[in-house]
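Read off the chains here:
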Amino acid sequence: MAIDLWLLEQHQSGKHPSTLRFYTWSPPAISLGYHQRQYPEYWQDLTWQGQKLDLVRRPSGGRAVLHQGDLTYAVVTSGLTGSRLQVYEKICEFLIQGWRSLGVELQYGTEGRGYIHNPNCFGTATSADLVLPDSAKLIGSAQLRRGGVILQHGSIRLRSDAELFYQVFGAESFTNVQLPQNLSIETIIAALITAASDCFDMQIEVKPLSQSEWEAILAE
């Protein structure tokens with residue numbers, strides 16, 4: 001997520017184009033929203049399959065997210081107008097379209113601000129989140145704005161471990177997401193890239209970070 005923030009700063013200074021990123025987590029981690037100050041102390045000592053869970057802070061807001069068996073996306077762009085919710089919907093269109101091409105229909109959540117009392121991002125689904133037809137939340141997203149530049153990133157639940165979820169969030173109900181079988185992460189990413197190219201009417205070039213870019217990020 002430090003890379004996401006670096007990309008936002010680069011785009012803001014005109015040094016980097018709009019960017020779409022996908023990544024997974026190893027070891028698993030809990031990311032805290034930028035303004036989230038309260039969380040259970042035992043989260044600092046959690047382990048899973050012999051690995052200590054990282055505890056990191058996101059540059060964007062929202063509640064805690066357990067990153068295990070999920071796919072994280074990040075969009076850095078500018079030039080979008082409208083309210084925060086309208087911008088969410090403009091960006092989320094590629095997620096809806098991409099998953100539709102894989103046979104999965106998504107819609108926006110309907111819950112209000114009750115989420116602020118829930119430490120778990122996936123415990124509620126607001127109008128900025130995307131849910132399956134059975135109301136299970138598939139994608140939770142958050143935003144950071146700096147001037148006209150926007151970083152929106154989110155977690156796409158794929159193969160969450162129920163036992164680890166209970167370990168992190170306690171007795172709170174765990175809802176497994178029902179997705180088509182044999183969907184690989186590579187297939188999902190390819191579908192979302194195609195959808196983003198269509199929705200944003202742009203040519204997407206797949207490009208890893210260069211050595212000098214890695215050095216700049218690590219120097220932050």
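First things first, this report covers the structure right here in the doc. (Residues numbered from 1 in each chain as written. Predicted model: local features only at pLDDT ≥ 70, side-chain atom pairs only at ≥ 80, totals over all residues. Heavy atoms only, no water.)

1. Describing the overall build of the chain
The secondary structure content of the chain amounts to five helices and eleven strands. Whereas a compact globule of 220 residues would reach a radius of gyration of roughly 17 Å, the chain reaches 17 Å, a difference of no more than 12%. Taken across its 220 residues, the chain has 45% of its residues classed as buried. Long-range pairs, those at least 24 residues apart, make up 69% of the contacts in the chain with a sequence separation of at least 6. Of the roughly 11400 Å² of accessible surface on the chain, 49% is carried by carbon and sulfur atoms. Considering the chain, the positive charge centre built from 17 side chains and the negative charge centre built from 22 side chains are found 7 Å apart. (Helix = DSSP H or I, 4+ residues; strand = E, 2+ residues; numbered from the N terminus. Rg over C-alpha atoms; globule rule 2.2 N^0.38 Å. Buried < 20%, exposed > 50% of the residue type's maximum accessible area, 1.4 Å probe, protein only. Contact = heavy atoms within 4.5 Å. Areas by Shrake-Rupley, 256 points an atom, 1.4 Å probe, with all protein chains shown as cover. Lys, Arg positive; Asp, Glu negative; His and termini not counted. Charge placed at Lys NZ, Arg CZ, Asp CG, Glu CD.)

2. Some words on the layout of surface pockets
Of the volumes computed, that of the largest pocket is approximately 840 Å³. In terms of lining residues, the largest pocket is bounded by 29 residues, among which Thr-19, Leu-20, Arg-21, Glu-205 and Lys-207 are the most central. Secondary-structure elements contributing two or more residues to the lining of the largest pocket are helix H1 (2-12), strand E1 (19-23), strand E7 (70-78), helix H4 (185-199) and helix H5 (211-218). For the lining of the largest pocket, the class distribution of residues is 19 nonpolar, six polar and four charged. (1 Å grid on protein atoms, 1.4 Å probe; cavity = no way out; pocket = protein on both sides within 12 Å on 5 of 7 lines; lining within 4 Å. Points joined across faces, edges and corners; volume = space filled by probe spheres on them. Nonpolar A, V, L, I, M, F, W, Y, C, P; charged D, E, K, R; others polar.)

3. Looking at the sheet that holds strand E5 (residues 54-57)
Read from one edge of the open sheet, three strands run E5-E2-E6, paired in mixed fashion. The sheet is open, and its two edges are formed by E5 and strand E6 (65-67), each paired on a single side. Across the sheet, the mean angle from the axis of one strand to that of its neighbour is 25 degrees, orientation sign disregarded. As paired elements, strand E2 (residues 29-32) and E6 share three bridges and run antiparallel to each other. Across the sheet, the residue bridging to Ile-30 is Leu-66, located in E6. (Pairing = 2+ DSSP bridges. Axes fitted to C-alpha atoms, helices over the stretch in contact; angles between N-to-C directions.)

4. Some remarks on the sheet that holds strand E11 (residues 149-157)
Paired through backbone hydrogen bonds, the strands of a sheet run either parallel or antiparallel to each other. Strand order in the open sheet formed by six strands is E1-E7-E11-E10-E9-E8, with antiparallel pairing between adjacent strands. Looking at which strands have only one partner, the edges of the open sheet turn out to be E1 and strand E8 (107-108). Where E1 meets E7, five bridges bridge the pair, whose relative direction is antiparallel. Across the sheet, Phe-22 pairs through a bridge with Tyr-73, a residue of E7. Seen against the sheet, H1 touches E1, E7, strand E10 (137-146) and E11 and runs at an angle of roughly 155 degrees to E11.

5. Topic: helix H3 (residues 162-169)
All of the buried residues in H3 are Leu-164, Phe-165, Val-168 and Phe-169. In an axial view of H3, the angular spread of the buried residues amounts to 110 degrees, which keeps them on one side of the axis. Of the residues flanking the start of H3, the one acting as N-cap is Asp-161, its side-chain oxygen 3.2 Å from the backbone nitrogen of Glu-163. Downstream of H3 by a residue or two, Gly-170 has a phi angle that is positive, lying close to 75 degrees. (Arc of directions from axis to C-beta. Polar contact = N/O pair within 3.5 Å; in protein donor to acceptor, adjacent residues only side chain to side chain.)

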